[in-house]
Amino acid sequence: QDDDKILLGTGDDLEIYHDGSHSYIQDSGTGELRIRGTTVRITDNDGSENFADFNDNGSVDLYHDNSKKFETTSTGINVTGDVVCDGLDVDGKAYSGENTATASSFDLNNGNFWTFGAIAVPNPTNQTAGMMGSLRVTAAPTSFAANWKFPGGSYTAPTSFPAIAPFFVQASGTILVGSWTEGIA
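Computed from a predicted model, the values in this text were never measured in an experiment.

1. Focus: the pattern of salt bridges
In the structure shown here, the tally under the stated rule is five salt bridges. Note that glutamate 71 is salt-bridged to lysine 68, the shortest N-O span being 3.8 Å.

2. Remarks on the sheet that holds strand E2 (residues 14–18)
Strand order across the open sheet formed by three strands is E1-E2-E3, with antiparallel pairing between neighbours. What marks the edges here is a single partner per strand, and that holds for strand E1 (5–8) and strand E3 (23–27). Strand-to-strand, the axes of this sheet are offset by a mean angle of 10 degrees, without reference to chain direction. In the sheet, E2 pairs with E3 via five bridges, with the strands oriented antiparallel.

3. Some points on the sheet that holds strand E7 (residues 67–73)
The five strands are arranged E4-E5-E6-E7-E8 in an open sheet whose pairing can be described as antiparallel. Strands at the two margins of the open sheet, each flanked by one partner only, are strand E4 (39–43) and strand E8 (76–79). The average undirected angle you get between the axes of adjacent strands in this sheet is 10 degrees. Bridging between strand E5 (residues 50–55) and strand E6 (residues 60–64) involves three bridges; their strand directions are antiparallel. Paired with aspartate 53 across the bridge in E6 is aspartate 61.

4. Some details on the pairing of strand E10 (residues 113–116)
On a regular strand, each side chain points to the face opposite its neighbour's, so the side chains alternate between the two faces of the sheet. Note: strand E9 (residues 98–100) against E10, three bridges, orientation parallel. By the bridge assignment, threonine 100 is partnered in E10 with threonine 115. Where E10 and strand E12 (residues 132–137) come together, four bridges link them in parallel fashion. Note that in E12 the partner of phenylalanine 113 across the bridge is serine 134.

5. Focus on a nonpolar patch on the surface
Nonpolar side chains collect at one region of the surface, where Ile6, Leu8, Ile16, Ile25, Leu33 and Ile35 lie side by side and expose about 580 Å² of accessible area between them. Here leucine 8 shows up in strand E1.

6. Some words on unusual backbone geometry
Between phenylalanine 161 and the following residue, proline 162, the backbone shows a cis peptide bond with an omega angle of -5 degrees. One non-glycine residue, aspartate 12, lies in the positive phi region at around 55 degrees. Mapped onto the fold, aspartate 12 is located in the loop between E1 and E2. Positive phi outside glycine occurs at aspartate 65, with the angle close to 50 degrees. Given the relative accessible area of 59%, aspartate 65 is considered exposed.

7. Section: the packing of aromatic side chains
Under the definition given, this model contains 10 aromatic pairs. With a centroid separation of 4.9 Å and 20 degrees between ring planes, the pair formed by tyrosine 17 and tyrosine 24 is classed as stacked. Accessibility expressed as a relative area gives 15% for tyrosine 17, which makes it buried. Among the residues examined, tyrosine 24 registers a relative accessible area of 31% and is labelled partly exposed.

Reading the values: the criteria
- Residues numbered from 1 in each chain as written.
- Predicted model: local features only at pLDDT ≥ 70, side-chain atom pairs only at ≥ 80, totals over all residues.
- Heavy atoms only, no water.
- Salt bridge = Lys/Arg side-chain N within 4 Å of Asp/Glu carboxyl O.
- Pairing = 2+ DSSP bridges.
- Helix = DSSP H or I, 4+ residues; strand = E, 2+ residues; numbered from the N terminus.
- Axes fitted to C-alpha atoms, helices over the stretch in contact; angles between N-to-C directions.
- Patch = residues over 30% accessible without salt bridge, like charges linked within 9 Å, V, L, I, M, F, W, Y side chains within 5 Å.
- Areas by Shrake-Rupley, 256 points an atom, 1.4 Å probe, with all protein chains shown as cover.
- Buried < 20%, exposed > 50% of the residue type's maximum accessible area, 1.4 Å probe, protein only.
- Phe/Tyr/Trp six-rings, centres within 6.5 Å; stacked < 30°, edge-to-face > 60°.

In structure tokens, the structure reads:
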């Protein structure tokens, strides 16, 4: 019957009940509410749609409309789809943001998307193996410093602007640059 409660514990610490609209499992005592199982699965009322799986010695999986979107792994997490967040603090090799390089200022710690024009592009500071990003040029750079390595061995200026090329820091002092894609709007 609605509002009847199953009460457990010396001080009625655990309650299971239905109030006519919603069902509740309520722990109001000391300690924690612990749910144990080899795999704990939370589903919809008929068991046809998964909400969450908690796997013994394994992943925690979260679902949206029965499609797995978030999974913990032994090395971190896997996310399927887009991540929208108000802020991001990353430890390791993750860089973002558009920056403008100048002939005297090009620090790879400031981001991985760089825009510049007709300048002599210097060797950037803070090069760490594994960094990658994109170079976007709005006019042909006059030259690139020695650390920049281009396909075919030498820099060839794009002829249509803006143009974009990927880069990868192979090792400190060696930055591999891909081919230019020209005329990008």
